[in-house]
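The lines below spell out each chain.
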Amino acid sequence: MFDELSGKLDFVLAQFRARGLLTEAMVRDGLREVRRVLLEADVNFAVTRSFLDRVQERALGEAVLKSVSPGQQVVKIVHDELAALLGDEAPTIRWASRPPTVVLVVGLQGSGKTTTAGKLARRFQREGREPMLAACDLYRPAAVEQLRTLAERVGVDFHGGDPGGDPVKVAVEAYRIAQDRKKAVLVVDTAGRLQVDEPMMEELRRIRAELSPSEILLVADAMTGQEAVRIAEGFDKALDLTGIILTKMDGDARGGAALSIRGVVGKPIKFIGTGEGLDDLDPADPRRLADRILQRGDVVGLVERAQRAFDVEETKKLEGKVLGSGRFTLEDFLTAISQVRKMGPFGDLMKMIPGVARLAPKTELDPKRIKHVEAIILSMTPDERRRPEILNGSRRARIAKGSGRSVAEVNRLLKQFKEMKKMMRQMKGMQGIQGMRGMSGLLPH
Ligand code: GDP
Ligand code: MG
């Protein structure tokens, strides 16, 4: 999901991140690219415009450009605003003061209503709120059977009518049964049409009038892009939705519907469907979705943790050396390692570093190895750390003994250090937290 959007956004944002210095003009240019990417992802035009206005205002204010890591800050702003675009907080279900809470599932034919009704029942049951399913799509004979089968698979009670019967009557019967059996939630599956039409809305309004649902959730197919947004508008006007469930997000690489619906319709996405299975329903937490879109593990967490852990002075000094004005020594290497280590468990950290998430299996770093490297460097004299070229055989043997590591390991470290320095010469231009990206390469593997 979001693959196409993610990939392109990643490319554009990488250019921000790669710069140590940002000017206002660079920000404007970069954001123009972001705009193009959003429009290509089929995000609504007006939503895109107001999104970029907000990002630009924040990026050019807030002393972002003067900060240690302006590029990362801009990426963080994009992240925050993406989350805001999707809603303010993780949406929840409104529970009725007197059970059963009625959740009315509406939408066009084929959007995934019946499947989603089953998924919701599974979810409520897992949360310990005993659900019941009601089949009120009496137009297609197979529809009732489809939901009955799902109810059996989830292991919950079910009530359905006969094909051709009155869906409103079935809904009312189901409500009474759920009440008698003290169910916590009644999930009502309804009939859809091929497009928004008045008789369908009229039927749904009648069910609504009888059952007073706490939730009227529109199930919309994310693959249809802006069409899903228009459909949501139509349903909202007719029924005053309480939320939206976007299905088939597993197949929607662009994400236009997901990013537009909240802004256009003003109703939150409450869940997203990510497959045909009963467990393929995720709460639509805006922050987590923004993380997925930016495909970078938790960028926000990274920036925040980095800002907490990195000693600005020390980092500045290191940068000077990495950038070539000073000499990068094994002593500096030690400082770099200990700064990176301060940031927390290694696996977590590595996953948060831009780009590493995707390379994860290859970049798996063993914290034990890091400790060994530290031990070896600490066994050297200050002079040796500054001028590793003086490390002859006997010095190496002494260091190996002192650190409790083998001579081969000492040799390997020195070889890696040499290669690393070579690499650093190619990394010029990196600054600030970008240095960390380099540091993932600096560490031994
Ligand atoms: P309804 O007509 O609205 O009740 O739609 P159905 O629940 O019968 O679903 C229509 C088709 O979409 C079925 O083949 C479902 O398996 C499929 N479907 C529903 N939700 C999802 C989803 O989140 N991802 C994928 N890949 N398929 C889904
Ligand atoms: Mg159906």
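Residues numbered from 1 in each chain as written. Chains lettered and ligands numbered in written order. Predicted model: local features only at pLDDT ≥ 70, side-chain atom pairs only at ≥ 80, totals over all residues. Heavy atoms only, no water.

1. What about the overall build of the chain?
Quick reminder of the rule: Elements are defined by DSSP. Helices are runs of H or I of four residues or more, strands are runs of E of two residues or more, and each kind is numbered from the N terminus. Categorising residues by exposure relies on relative accessible area from a 1.4 Å probe, with only protein chains included: less than 20% of the type maximum marks a residue as buried, more than 50% marks it as exposed, and the intermediate range marks it as partly exposed.
Along the backbone of the chain there are 21 helices and 8 strands. The buried share of the chain, reckoned over its 445 residues, is 52%.

2. Digging into the packing of helix 7 (residues 167–180) against helix 8 (residues 198–211)
Going by this rule: For every element, the axis is a line fit to its C-alpha atoms; helices are fit only across the contacting stretch, and the angle between N-to-C directions ranges from 0 to 180 degrees. We call two directions roughly parallel when the angle between them is under 35 degrees, roughly antiparallel when it is over 145, roughly perpendicular when it lies between 65 and 115, and oblique otherwise. Throughout, a crossing is termed right-handed when the near helix is turned clockwise from the far one, and left-handed when it is turned anticlockwise from it by less than a right angle. For this analysis, residues touch if any pair of their heavy atoms sits within 4.5 Å. Classification convention: Asp, Glu, Lys, Arg as charged; Ala, Val, Leu, Ile, Met, Phe, Trp, Tyr, Cys, Pro as nonpolar; all other residues, Gly among them, as polar.
Here helix 7 crosses helix 8 at 25°, and the two axes come no closer than 9 Å. By the angle between their axes, helix 7 is roughly parallel relative to helix 8. The interaxial crossing formed by helix 7 with helix 8 has right-handed handedness. Side by side, helix 7 and helix 8 meet where Pro167, Val168, Ala171, Val172 and Tyr175 of the first sit next to Glu203, Arg206, Ile207, Glu210 and Leu211 of the second. The class makeup of the residues in the contact of helix 7 with helix 8 is 7 nonpolar, no polar and 3 charged.

3. Focus: the sheet that holds strand 4 (residues 185–190)
Note the following rule: A pair of strands is considered paired only if DSSP assigns at least 2 bridges between the two.
On the basis of which strands lie adjacent, the open sheet formed by 8 strands has the order 3-2-4-1-5-6-7-8 and mixed pairing. Strands at the two margins of the open sheet, each flanked by one partner only, are strand 3 (157–160) and strand 8 (281–283). If you compare each strand with its neighbour and ignore which way they point, the axes differ by 20° on average. Alignment of strand 2 (residues 131–136) against strand 4, held across 6 bridges, turns out to be parallel. Note on strand 4: the bridge partner recorded for proline 131 is valine 185. Against the sheet, helix 5 (residues 113–126) contacts strand 1 (101–106), strand 2, strand 4, strand 5 (215–221), strand 6 (243–247), strand 7 (269–273) and strand 8, and its axis sits at roughly 170° relative to strand 4.

4. Examining the site of ligand 1
So the rule is basically this: Near, as used in this document, describes a residue that has one of its heavy atoms within 4 Å of the molecule or strand being considered. For the purposes of these results, a polar contact is taken to be a pair of N or O atoms within 3.5 Å, where, inside protein, one atom must be able to donate a hydrogen and its partner to accept one; residues adjacent in sequence count only when each atom of the pair is a side-chain atom. Each accessible area is a Shrake-Rupley result for a 1.4 Å probe, and residues are judged covered by the shown protein chains and nothing else.
The immediate surroundings of ligand 1 are formed by 18 residues, with Gly110, Lys113, Thr115, Asp250 and Glu276 found nearest. Lysine 113 has a polar backbone atom sitting 2.7 Å from an oxygen atom of ligand 1. For ligand 1, an oxygen atom lies 2.8 Å from a polar atom in the side chain of threonine 114. Within the complex, 80% of the 580 Å² of free accessible area of ligand 1 lies under protein. The biggest single contributor to the shell around ligand 1 is helix 5, with 4 residues. Partitioning the shell around ligand 1 into residue classes produces 1 nonpolar, 11 polar and 6 charged.

5. So, the environment of glutamate 203
When you line up the elements, glutamate 203 lands in helix 8. Judged by its relative accessible area of 8%, glutamate 203 falls in the buried class. Each C-alpha atom of the pair glutamate 203 and threonine 190 lies 9.4 Å from the other, and the pair is 13 residues apart in sequence. Residues in contact with glutamate 203, not counting those within four places in the same chain, are Cys136, Tyr139, Pro167, Val168, Ala191 and Arg193.

6. Some thoughts on the environment of arginine 287
With respect to the helices, strands and loops of the structure, arginine 287 is situated in helix 11 (residues 286–294). Taking relative accessible area as the criterion, arginine 287 reaches 42% and is therefore assigned partly exposed. For the pair formed by arginine 287 and glycine 87, sequence separation is 200 residues and the distance between their alpha carbons is 8.9 Å.

7. Section: helix 8
Since the α-helix packs 3.6 residues into each turn, any two residues three or four apart lie on the same face. The line we're drawing: One fewer than the residue count of a helix, multiplied by 1.5 Å, yields its expected span. It is the directions from the helix axis to the C-beta atoms that the arc portrays.
Look at helix 8: 20 Å from first C-alpha to last across 14 residues, which is about the 20 Å you get at 1.5 Å a residue. The complete set of buried residues in helix 8 reads Met200, Met201, Glu203, Leu204, Ile207 and Leu211. Within helix 8, the buried residues cover an arc of 160° as seen down the axis, which keeps them to one side. When the buried face of helix 8 is taken as reference, the exposed residues oriented beyond 90 degrees from it are Pro199, Ala209 and Glu210. Against strand 1, strand 2, helix 7, strand 4 and helix 9 (226–239) lie the buried residues of helix 8. The N-cap of helix 8, judged by a side-chain oxygen 3.2 Å from the amide nitrogen of methionine 200 a few residues on, is aspartate 197. After helix 8 finishes, the residue serine 212 shows a positive phi value of roughly 40°.

8. Overview of the pattern of salt bridges
Our working rule: Any Lys or Arg side-chain nitrogen located within 4 Å of an Asp or Glu carboxyl oxygen qualifies as a salt bridge.
If you walk through the whole model with that rule in mind, you get 37 salt bridges. Arginine 126 serves as the salt-bridge partner of aspartate 279, at 2.9 Å between the closest nitrogen and oxygen. In this pair, aspartate 279 sits in the loop between strand 7 and strand 8 while arginine 126 sits in helix 5, placing the two residues 153 residues apart along the sequence. A relative accessible area of 43% means that aspartate 279 is categorised as partly exposed. For aspartate 197, the salt bridge identified is with arginine 193, shortest N-O distance 3.4 Å. Within this structure, Arg54, Arg58, Lys76, Asp80, Glu81 and Arg287 form a network of salt bridges that share partners.

9. Here we look at the pairing of strand 6
Selection criterion: The path from the first strand over the helix to the second decides the hand: if it runs clockwise while the strands point away from the viewer, the crossover is right-handed.
Buried residues dominate strand 6, accounting for 5 of its 5 residues. Alternating positions in strand 6 separate into two faces, Gly243, Ile245 and Thr247 on one and Ile244 and Leu246 on the other, with burial throughout. Where strand 5 lies against strand 6, 5 bridges are found, and the strand directions are parallel. Bridge pairing in strand 6 places leucine 218 opposite isoleucine 244. Chirality of the crossover, the property in question, places the unit of strand 5, helix 9 and strand 6 among those that are right-handed. Relative to strand 7, strand 6 runs parallel, the two sharing 3 bridges.

10. Digging into the side chain of threonine 101
Along the chain, threonine 101 turns up in strand 1. Judged by its relative accessible area of 2%, threonine 101 falls in the buried class. Within polar-contact distance, the side chain of threonine 101 engages the backbone nitrogen of alanine 96 at 2.8 Å. Those residues in contact with threonine 101, other than ones at most four positions away along the chain, are Arg94, Trp95, Ala96, Ala184, Val185, Leu186 and Ser214.

Read these as layout, nothing more, since geometry by itself doesn't imply function.
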